[in-house]
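# Tertiary structure, described
Take a look at the letters that make up each chain.
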Amino acid sequence: QVQLVESGGGLVQPGGSLRLSCAASGSIFSIAAMAWYRQAPGKHRLLVAEITSGNNVQYFESVKGRFTISADVARKTVYLQMNSLKPEDTAVYYCHVRSVTGMQTEEWWGQGTQVTVSS
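Definitions and cut-offs
Residues numbered from 1 in each chain as written. Predicted model: local features only at pLDDT ≥ 70, side-chain atom pairs only at ≥ 80, totals over all residues. Heavy atoms only, no water. Helix = DSSP H or I, 4+ residues; strand = E, 2+ residues; numbered from the N terminus. Contact = heavy atoms within 4.5 Å. Polar contact = N/O pair within 3.5 Å; in protein donor to acceptor, adjacent residues only side chain to side chain. Disulfide = S-S within 2.5 Å. Buried < 20%, exposed > 50% of the residue type's maximum accessible area, 1.4 Å probe, protein only.

Turning next to the environment of tyrosine 59. Its location among the elements puts tyrosine 59 in strand E6 (residues 57–59). Residues tyrosine 59 and alanine 35 lie 24 residues apart in sequence; the distance between their C-alpha atoms is 9.8 Å. Among all residues touching tyrosine 59, those that are not within four sequence positions of it are Val48, Ala49, Lys64, Phe67, Thr68 and Ile69. A distance of 3.0 Å separates a polar atom in the side chain of tyrosine 59 from the backbone nitrogen of isoleucine 69.

Rendered as structure tokens:
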């Protein structure tokens, strides 16, 4: 049974910072990518940041220069450092992990953690 447990969300003022963590447990191998998505009420879920096993990183345009994604493979943990937060960053943030073994692909989602940016 694979589980992704998220932590680090909360309420912060504009310009503040938060660091999200997502720890995976269970039988998970050959991780191809770890990512963070977010979804605001009435909006589609979108990719915020992703890091692959090949160390390729991509960010949603509006968070470039403010957010940093990193991963600790040994601990099966991915982080999202969020700086200079804006009200439009308010959303539920979801951790996502994709694993590839041979020709088989598996994926898992975290439970989501609320990030609210407000004065």
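Evaluation of the coordinates by the stated rule reveals one disulfide. Sulfur-sulfur distance for the disulfide between cysteine 22 and cysteine 95 comes to 2.1 Å. Between cysteine 22 and cysteine 95, the S-S dihedral sits near -80°, and the bridge is therefore left-handed. Note that cysteine 22 is positioned in strand E3 (residues 18–25) and cysteine 95 in strand E9 (residues 91–101), a separation of 73 residues in sequence. Here cysteine 22 falls in the buried class, since its relative accessible area comes to 1%. Classification of cysteine 95 by relative accessible area gives buried; the value is 0%.

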